[in-house]
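Here's the letter readout for the chains.
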Amino acid sequence: MMIPCFWSIEPTNACSLHCPQCPSGSQLLTRKRGYMDVENYKKILEKIAPHALYLNLYFQGEPTLHPQLPTLIQLAKGHGLYVALSTNGQHINAQTARRLVRSGLDKMIVSVDGMNQRSYETYRRGGSLDKALKSIHYVTDYKRTIGSYTPRVEMQTLAFRHNEDELPALKRLAKDLGARFKVKTAQFYTCAPDDTLQPPDSARLSRYVRGEDGTLRLRRRLPNRCFHLLTSAVVTWEGDVLPCVFDKDARYVFGNILKEDVSSIFKSARAKEFRRRVFTKRKAIDICNNCCY
């Protein structure tokens, strides 16, 4: 069994925002909240480093809430890994930005979902558009000051019906801030036809179509295969290894990397059974039925 080369490690599953379609922000996440212990993180890196190339330092929650995040980045860079971070930008001030740039971080994604505060907080509830934009400014400004190419900054927008007309303006804004721009389709768990938050009208910007009964279903056909299952894995702040980023509540734990070696985890009966189901009857797996891959 090939061990994945793309990993996501969860610094924390806590978040200060209340985004309605996010399990962490909406308080629907059933897992205990907590923060990755640095010593445990070192052990995890030692185990995955011989196999890993790319590390996402995020899963559920807001990673910049972890008080030792720059240290986590530096430790991963010490193993030669490419390190990416996704943030809502609410907790990045000038000092934090300097620490992130100097940590060796390769890529920073900042979520900006509207051109004005009203549009932005339709989804990023409890958040400030001004803080999100300033986080980009702080990082790009300090990069220029010290002549650093990294981190590459990406301004990412989740597309909804209320902001799809703002995408051209958001793209121009990203360019003005010195960031790349990316539009991402939004994931929905529940969405009644009369809810404030709705998928975009544009088919190319939405994962879903609405059925005759009013419920959303994936637009694409779900094949009995998954490239991501073979190439990537997720580690929660407690060390549980999951098959993918759609297993938000850790329902399909392959093993615990703090207690087991990597090879035995991916050869375990649980891992084999999950792979068998994906490649034979993927529709029967609940987390796969809301997957965009």
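A few points on the structure. (Residues numbered from 1 in each chain as written. Predicted model: local features only at pLDDT ≥ 70, side-chain atom pairs only at ≥ 80, totals over all residues. Heavy atoms only, no water.)

1. Some words on the pattern of salt bridges
Here is step 1 of the chain: Counting across every chain of the model gives 10 salt bridges.
Here is step 2 of the chain: With a shortest N-O distance of 2.9 Å, Glu 10 and Arg 31 are connected by a salt bridge. Of this pair, Glu 10 sits in the loop between strand S1 (6–9) and helix H1 (38–48) while Arg 31 sits in the loop between S1 and H1, and the two are 21 residues apart along the sequence. With respect to class, Glu 10 is no different from Arg 31; both count as buried.
Here is step 3 of the chain: The shortest N-O distance in the salt bridge between Lys 107 and Glu 154 comes to 3.5 Å. Of this pair, Lys 107 sits in strand S4 (residues 107–111) while Glu 154 sits in strand S5 (residues 152–159); the two residues are 47 residues apart in sequence, bridging distant segments of the chain. (Salt bridge = Lys/Arg side-chain N within 4 Å of Asp/Glu carboxyl O. Helix = DSSP H or I, 4+ residues; strand = E, 2+ residues; numbered from the N terminus. Buried < 20%, exposed > 50% of the residue type's maximum accessible area, 1.4 Å probe, protein only.)

2. Things to note about the packing of helix H2 (residues 69–78) against helix H3 (residues 94–102)
Here is step 1 of the chain: Contact geometry of H2 with H3 gives a least axis separation of 9 Å together with a crossing angle of 10°. The angle between H2 and H3 places the two elements in the roughly parallel class. Across the interface between the two elements, Leu 69, Pro 70, Ile 73 and Gln 74 from H2 touch Arg 99, Leu 100 and Arg 102 from H3.
Here is step 2 of the chain: Considering only residue class, the contact of H2 with H3 consists of four nonpolar, one polar and two charged. (Axes fitted to C-alpha atoms, helices over the stretch in contact; angles between N-to-C directions. Parallel < 35°, antiparallel > 145°, perpendicular 65-115°, else oblique. Contact = heavy atoms within 4.5 Å. Nonpolar A, V, L, I, M, F, W, Y, C, P; charged D, E, K, R; others polar.)

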